[in-house]
Amino acid sequence: MYIEETELKDILDFHCPRYNELPSIALYKDQVILYIEETLKPLNLNPEEKLLTPTMLNNYVKQKVILPPKDKKYNEEHLAHLIVVCVLKQVFSLHEICDLINIQMESCPIE
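A brief structural summary. (Residues numbered from 1 in each chain as written. Predicted model: local features only at pLDDT ≥ 70, side-chain atom pairs only at ≥ 80, totals over all residues. Heavy atoms only, no water.)

## Focus: the nonpolar core
Move 1: Core analysis: the biggest nonpolar cluster contains 25 residues, and Val32, Ile36, Leu52, Leu57, Ile66 and Leu82 have the highest contact counts within it.
Move 2: Counting residues per element, the ones that place at least two in this core are helix 2 (29-40), helix 3 (54-62), helix 4 (76-88) and helix 5 (94-107).
Move 3: With 6 residues, the top contributor of residues to this core is helix 4. (Core = buried A, V, L, I, M, F, W, Y, C linked by side-chain atoms within 4.5 Å. Buried < 20%, exposed > 50% of the residue type's maximum accessible area, 1.4 Å probe, protein only. Helix = DSSP H or I, 4+ residues; strand = E, 2+ residues; numbered from the N terminus.)

## Observations regarding the layout of surface pockets
Move 1: Quantified by volume, the second largest pocket comes out at close to 270 Å³.
Move 2: Ala80, His81, Val84, Gln104 and Ile110 are, among the 15 residues lining the second largest pocket, the residues nearest its centre.
Move 3: Elements with a minimum of two residues in the lining of the second largest pocket: helix 4 and helix 5.
Move 4: Examining the composition of the lining of the second largest pocket, we find that 5 residues originate from one element, helix 4, more than from any other.
Move 5: Here the residues of the lining of the second largest pocket sort into 11 nonpolar, 2 polar and 2 charged. (1 Å grid on protein atoms, 1.4 Å probe; cavity = no way out; pocket = protein on both sides within 12 Å on 5 of 7 lines; lining within 4 Å. Points joined across faces, edges and corners; volume = space filled by probe spheres on them. Nonpolar A, V, L, I, M, F, W, Y, C, P; charged D, E, K, R; others polar.)

## Describing the pattern of salt bridges
Move 1: Following the criterion strictly, the structure yields 2 salt bridges and no others.
Move 2: In this structure, Lys9 and Asp13 form a salt bridge, with 2.5 Å as the shortest nitrogen-oxygen distance.
Move 3: For Glu38, the salt bridge goes to Lys41, with nearest N and O atoms at 3.7 Å. (Salt bridge = Lys/Arg side-chain N within 4 Å of Asp/Glu carboxyl O.)

## Considerations on the environment of Lys50
Move 1: Relative to the elements of secondary structure, Lys50 occurs in the loop between helix 2 and helix 3.
Move 2: For the pair formed by Lys50 and Glu37, sequence separation is 13 residues and the distance between their alpha carbons is 7.3 Å.
Move 3: Ignoring sequence-local partners within four residues, the contact set of Lys50 consists of Glu37 and Met56. (Contact = heavy atoms within 4.5 Å.)

## Thoughts on the environment of Pro23
Move 1: Positionally, Pro23 belongs in the loop between helix 1 (5-12) and strand 1 (27-28).
Move 2: Separated by 53 residues in sequence, Pro23 and Glu76 have C-alpha atoms that sit 6.6 Å apart.
Move 3: Other than its neighbours up to four places away in sequence, Pro23 contacts Tyr35, Glu76 and Leu79.

## Some points on the side chain of Thr39
Move 1: With respect to the element layout, Thr39 can be found in helix 2.
Move 2: Residue contacts for Thr39: discarding those within four places in its chain leaves Phe14 and Pro17.

## So, the environment of Gln104
Move 1: Tracing the backbone shows Gln104 in helix 5.
Move 2: Residues contacting Gln104, with those up to four places away along its chain left out, are His81, Pro109 and Ile110.

## Focus: the packing of helix 2 against helix 3
Move 1: Following both chains from N to C, one finds helix 2 and helix 3 inclined at 105 degrees, their axes separated by 10 Å at the closest point. Judged by the angle between their axes, helix 2 and helix 3 are roughly perpendicular. For the pair helix 2 and helix 3, the contacting residues are Lys29, Val32 and Ile33 in the first and Pro54, Leu57 and Asn58 in the second.
Move 2: Along the lines of polarity and charge, the residues of the contact of helix 2 with helix 3 split into 4 nonpolar, 1 polar and 1 charged. (Axes fitted to C-alpha atoms, helices over the stretch in contact; angles between N-to-C directions. Parallel < 35°, antiparallel > 145°, perpendicular 65-115°, else oblique.)

Following this line, the structure appears as structure tokens:
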């Protein structure tokens, strides 16, 4: 796989948002998808495929990877978990990612 110079620069300049940098207002599903896609664009190993789609988001809720939204809105905790899932799913299984999230939640605060 060949990486263009601009893509390499984007990867090197990538800043993963910290918890306190996530949007503080609750977002609807389409806003969440846009936020995740734009934020993680430099890390998408296969740009032809989306990192997050409405179907994926629904499945993550159904499979209890993330908590259900409140009033159809997703908060900072949802976004933090979705960032982790979307980055790690490129190399780990969903089951492994859930285990990692659970270990994190037991050992330290989400922030």
